[in-house]
Amino acid sequence: MSEQIPFTIAGRPLGSRLILGTGGFTNHEILASALEASATEMCTVALRRLDPAARGSILDVLDRAGVQVLPNTAGCYTARDAIITAQLAREAFETDWIKLEVIGDDRTLLPDAVELVSAAEALVDDGFVVLPYTTDDPILARRLEDVGCVAVMPLGSPIGSGMGIRNPYNISIIVERASVPVILDAGVGTASDAAFAIELGCDAVLCASAISRAHDPVAMARAIRLAVEAGWLARGAGRIPRRRYAEASTPDEGLPLFDQGAAAGAADISHNSPQ
Amino acid sequence: MSVSVTINGEHRELPDGATVASVIDTLPGAPEGRGVAVAVGGEVVPRAQWSSTSLHAGASIEVVVAVQGG
């Protein structure tokens, strides 16, 4: 049984704070096992040209696992392409939900802020439930919320980099100021990164490569699931403040004194009592 | 008579009067029902309009399905 309190995105309750990206899994069998180990309730999928040689649909895998499908616009470089892709996704999956990705170049895969806001605004106007992949810029996150996005998905570091959360202060600022759920997306390399995201105040974490490209994806799926739960518990428990100097955890009161010849008739302890 | 079109970047000759629906029927691997979407000339064609949307010469058709991603 999960320790997590369910949260909602746009009124839809989710029992897990881990969202799984399905990219990078070697085959559908490993994906299915990782889905089970992760206990996720929502997964991303992408749209690509029909491949006549492809065997089996990922939708069947997701349906069998009972998870919700969150289509994305991965690979789009312009607002126009992202909008058409979102419309195709709405037709293909019969959902208005879209993880909006508009990237700036293929080397960094960083979001193109200008195209992203433009696409988000158009899609919200067209009735979509928009979850944008964004940078860790608090101002951009606010702009996306202002145009009607139901969540913001800031990156910890570039997609697939496994570099963790490079600017935790910015993530904290986004969390403090957002009135929609914040989902850390991209950069998680291992379980501790996911725990850190939740401890920072993120509502959920999206992981793909950290799990799918791990040596043992199923074990990593479970590890990250437990890390998200641990992060949630730790956040609720309340971390201690950071200090520059030590603060003893053992009390001074009742500490025995071993002073030089303090007691009359003390044994000769001069060998360890400097004169 | 035939109609020359492009499907997913590949040249195809279709019989006159071909529609989006008739094209989908000929594509191996196209899933039935949920999971496939079509755009013609950069415009999405809703499933309900597949059988009534004829393809004219030079049309560029994109047929997409769900894949692993994200």
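Residues numbered from 1 in each chain as written. Chains lettered and ligands numbered in written order. Predicted model: local features only at pLDDT ≥ 70, side-chain atom pairs only at ≥ 80, totals over all residues. Heavy atoms only, no water.

Here the focus is the overall build of chain A. Helix and strand content of chain A: nine helices and 10 strands. Against the compact-globule benchmark of 19 Å for 275 residues, chain A has a radius of gyration of 25 Å, which places it well outside the compact range. The principal-axis extents of the C-alpha atoms in chain A amount to approximately 95 × 40 × 35 Å. Within the span of chain A, comprising 275 residues, buried residues form 47% of the whole. Relative to all contacts within chain A whose residues are 6 or more apart in sequence, the contacts with residues 24 or more apart total 64%. (Helix = DSSP H or I, 4+ residues; strand = E, 2+ residues; numbered from the N terminus. Rg over C-alpha atoms; globule rule 2.2 N^0.38 Å. Buried < 20%, exposed > 50% of the residue type's maximum accessible area, 1.4 Å probe, protein only. Contact = heavy atoms within 4.5 Å.)

We now examine the interface of chain A and chain B. Interfaces are often sized by the accessible area lost when the parts come together. Counting from both sides, the interface comprises 30 residues of chain A and, opposite them, 27 residues of chain B. Between chain A and chain B the total buried area reaches about 2,300 Å² when both faces are included, carbon and sulfur atoms providing 58% of it. Counting the surface chain A buries against chain B, the share from its top three residues, Arg49(A), Leu50(A) and Glu91(A), is 31%. Applying the counting criterion to the chain A and chain B interface returns one salt bridge. The shortest N-O distance in the salt bridge between Glu62(B) and Arg49(A) comes to 2.8 Å. Run the count over chain A and chain B and you get 12 residue pairs in polar contact (both at pLDDT 80 or more). Of all the elements in the fold, those that place two or more residues in the side of chain A that touches chain B are β4 (42–49), α2 (58–65) and α3 (79–93) of chain A. By residue number, the principal contributor to the side of chain A that touches chain B is α3(A), which donates seven residues. In terms of residue class, the side of chain A that touches chain B is built from 15 nonpolar, eight polar and seven charged. Relative to strand β5 (residues 60–68) of chain B, β4(A) runs antiparallel, the two sharing five bridges. (Buried area = accessible area lost by both parts, 1.4 Å probe. Salt bridge = Lys/Arg side-chain N within 4 Å of Asp/Glu carboxyl O. Polar contact = N/O pair within 3.5 Å; in protein donor to acceptor, adjacent residues only side chain to side chain. Nonpolar A, V, L, I, M, F, W, Y, C, P; charged D, E, K, R; others polar. Pairing = 2+ DSSP bridges.)

Residues and elements named next belong to chain B. A one-sided burial pattern is seen for strand β1 (residues 2–7), the buried positions being Val3, Val5 and Ile7 and the unburied ones Ser2, Ser4 and Thr6. In this sheet, strand β2 (residues 10–15) lies alongside β1 in antiparallel orientation, the contact comprising six bridges. Directly across from Ser2, in β2, lies its bridge partner Pro15. Here β1 folds back onto β2, and the loop between the two strands holds two residues, one of which, Asn8, carries a positive phi near 50 degrees.

Glancing now at the pattern of salt bridges. Enumeration according to the criterion identifies eight salt bridges over all chains in this entry. One network of salt bridges, in which partners are shared, links Arg90(A), Asp96(A) and Asp126(A).

Residue and element names in this part refer to chain B. The buried fraction of strand β3 (residues 36–40) is high, at five of five residues. Residue alternation in β3 divides its side chains into two sets, Val36, Val38 and Val40 and Ala37 and Ala39, and both sets are buried. One ladder, built from five bridges, connects β3 with β5; its direction is antiparallel. Residue pairing in the sheet places Val40 in a bridge with Ile61 of β5. As defined by bridge partners, β3 adjoins strand β4 (residues 43–45) across three bridges and the pair is classed as antiparallel. Directly across from Ala39, in β4, lies its bridge partner Val44. The antiparallel pairing of β3 with β4 creates a hairpin that spans two residues between the two strands, and Gly41 there sits at a positive phi of about 60 degrees.

What follows deals with the sheet that holds strand β6 (residues 97–100) of chain A. Hydrogen bonds between backbone groups are what pair the strands of a sheet, and the pairing can be parallel or antiparallel. All names here are of chain A. Strand order across the open sheet formed by three strands is β6-β7-β8, with parallel pairing between neighbours. Only two strands of the sheet have a single partner each, and these edge strands are β6 and β8 (153–154). Examined bridge by bridge, β6 and strand β7 (residues 129–134) share four bridges and lie parallel to one another. Of the residues in β7, the one forming a bridge with Lys99 is Leu131.

A few words on the environment of Gly58(B). Residues and elements named next belong to chain B. The residue Gly58 is located in the loop between β4 and β5 in this model. Among the residues examined, Gly58 registers a relative accessible area of 58% and is labelled exposed. For the pair Gly58 and Glu13, spaced 45 residues apart in sequence, the C-alpha separation works out to 10 Å.

Residues and elements named next belong to chain A. Between helix α1 (residues 28–38) and helix α9 (residues 217–237), whose axes approach to 8 Å, the crossing angle comes to 20 degrees. Judged by the inter-axis angle, α1 sits roughly parallel to α9. Between α1 and α9 the crossing geometry is right-handed. Here α1 contributes Ile30, Ser33, Ala34, Ala37 and Ser38 to the contact with α9, which in turn contributes Pro217, Val218, Ala221, Arg222 and Arg225. (Axes fitted to C-alpha atoms, helices over the stretch in contact; angles between N-to-C directions. Parallel < 35°, antiparallel > 145°, perpendicular 65-115°, else oblique. Left-handed = near helix turned anticlockwise from the far one by under 90°.)

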